[in-house]
Amino acid sequence: MTEIFVELGHRPPEDEGRFAGRKSYPAEVVSRLSIDAKDILDRYPSRRSALLPLLHLVQSEDGYVTMAGIEFCAGHVGLTSAEVTAVASFYSMYRREPTGDYLVGVCTNTLCAVLGGDAILARLADELGVRPGGTTEDGKVTLEHVECNAACDYAPVLMVNWEFFDNQTPDGAVDLVEGLRGGRVPQPRRGAPPCTFKETARILAGFADERPEAVAAARPGDPTLAGLRLARDVQRNAGQESGGTAL
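Sequence order as written defines residue numbering, which begins from 1 separately in each chain. Given that the model is predicted, a residue must reach a pLDDT of at least 70 before its local features are reported, and side-chain atom pairs must reach 80 or more before they are shown or counted; all residues, however, enter totals for whole chains, interfaces and linings. To get the side-chain values, take all heavy atoms of the structure and skip hydrogens and water.

For the chain, the name recorded in an unreviewed UniProt entry is NADH-quinone oxidoreductase subunit E, with Mycobacteroides franklinii as its organism. UniProt positions are given in the numbering used here, feature names are shortened, and annotations may be inferred rather than shown by experiment. According to the UniProt record, the Sequence similarities (unreviewed entry) comment for the chain reads "Belongs to the complex I 24 kDa subunit family."

**Observations concerning helix α7 (residues 170–181)**
If you check α7, its first and last C-alpha atoms are 17 Å apart, about what 12 residues at 1.5 Å a residue would give, namely 16 Å. Within the sequence span of α7, burial applies to Ala-173, Val-174, Leu-176, Val-177, Gly-179 and Leu-180. The contact criterion used throughout is that any non-hydrogen atoms of two residues lie within 4.5 Å. To qualify as a helix, a DSSP run of H or I must reach at least 4 residues; to qualify as a strand, a run of E must reach at least 2; elements of each kind are numbered from the N terminus. At its buried positions, α7 is contacted by β1 (102–107), α6 (117–128), β2 (141–146), β3 (158–160) and β4 (163–165). Note on α7: the residue one or two positions beyond its end, Gly-183, has a positive phi of about 90 degrees. Given the number of residues in a helix, its expected span is that number minus one, multiplied by 1.5 Å. Relative accessibility under 20% of the residue-type maximum defines a buried residue, over 50% an exposed one, and the middle range a partly exposed one, all with a 1.4 Å probe and only protein chains included.

**Describing the UniProt feature "binding site: [2Fe-2S] cluster" (unreviewed entry) in the chain**
Per the UniProt annotation, the sites labelled "binding site: [2Fe-2S] cluster" (unreviewed entry) are Cys-107, Cys-112, Cys-148 and Cys-152. A maximum C-alpha distance of 9.6 Å is found for the annotated residues, which run over 46 residues; spatially they form one tight group. Residue position: Cys-148 is located in the loop between β2 and β3. On the accessibility criterion, Cys-148 (40% relative accessible area) is partly exposed. If we skip the residues at most four places from it in the chain, Cys-148 touches Cys-107 and Asn-109. Checked against the element boundaries, Cys-152 lands in the loop between β2 and β3. When its relative accessible area of 38% is taken as the criterion, Cys-152 is described as partly exposed.

**Comments concerning the packing of helix α1 (residues 27–41) against helix α3 (residues 67–77)**
Any two packed helices are characterised by the angle at which their axes cross and by the distance between the axes. Relative to each other, α1 and α3 sit at 45 degrees, their axes nearing to 11 Å. It follows from the interaxial angle that α1 and α3 lie oblique. As α1 runs across α3, the sense of the crossing is right-handed. When α1 is examined against α3, the residues Val-30, Leu-33, Ser-34, Ala-37 and Leu-41 are found in contact with a partner set consisting of Phe-72, His-76 and Val-77. Here the contact of α1 with α3 is composed, by residue class, of 6 nonpolar, 2 polar and no charged. Fitted lines through C-alpha atoms give the axes, limited to the stretch in contact for helices. The angle between two N-to-C directions lies from 0 to 180 degrees. Throughout this description, any angle smaller than 35 degrees is read as roughly parallel, any larger than 145 degrees as roughly antiparallel, any in the 65 to 115 degree range as roughly perpendicular, and the remainder as oblique. By the definition used in this description, the sense in which the near helix is turned from the far one sets the handedness, with an anticlockwise turn below a right angle giving left-handed and a clockwise turn giving right-handed. Each residue is assigned to one of three groups, with Ala, Val, Leu, Ile, Met, Phe, Trp, Tyr, Cys and Pro labelled nonpolar, Asp, Glu, Lys and Arg labelled charged, and all others, Gly among them, labelled polar.

**Some words on the sheet that holds β4**
Two orientations exist for strands paired in a sheet by backbone hydrogen bonds: parallel and antiparallel. Between any two strands, pairing holds if DSSP finds at least two bridges. Across the sheet, which stays open at both edges, the 4 strands sit in the order β2-β1-β3-β4 with mixed pairing between neighbours. A single partner strand is all that each edge strand has here, and the edge strands are β2 and β4. Averaged over all adjacent pairs, the angle separating strand axes in this sheet is 25 degrees, with direction ignored. Direction of pairing for β1 relative to β2: parallel, over a ladder of 6 bridges. What sits directly across from Cys-107, in β2, is Val-146.

What follows is the structure, encoded as structure tokens:
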């Protein structure tokens, strides 16, 4: 029997699907990151459990996960680079390409979309001159759409390096982003003022945010507490009707 091989389309490049960027770190970077990596690894009984924060650590170095970062993580947790790549490519918080100082994400899931999320994303893309996923020429802002971030009580929501900016409008979103490009960091209604994407990645790796305003800002908003207040009212009323004492 004669076998016939028919190639349908062009064969993809060998490195397609892999992370871009530099392939290895200079010795100085390896030495510095290794100190932080040891801090992270010491928190876990199993080295593999430290993979996610280690990926945030290497993301804080270049603003995205490079092949150098993949190899660094693999060496510290005892996995192959393919296994680390599989994990890093699964989670959208790990970036494959250079990211601006501010990652601006607009929620376009159902409730945010109905209340204006789609219009906000379209307006920002037009004003910034980039498609979702793109970065402005000045390297300040990367725009993307994001999936639901459990902030439906504040819809439509825009996020800057994963800090929430609630109840947005197209005009308000443009003002916010242009402020970021001009060096004016806004204060969200809840949560800390955004720091740069690299600084955020280091915080997500488990290192403290030393800014005093970040700690002071850690409080929930009124809509978040509405259900709790209602539950307490119901419990209090039920306790009064039964003659007992509500907790």
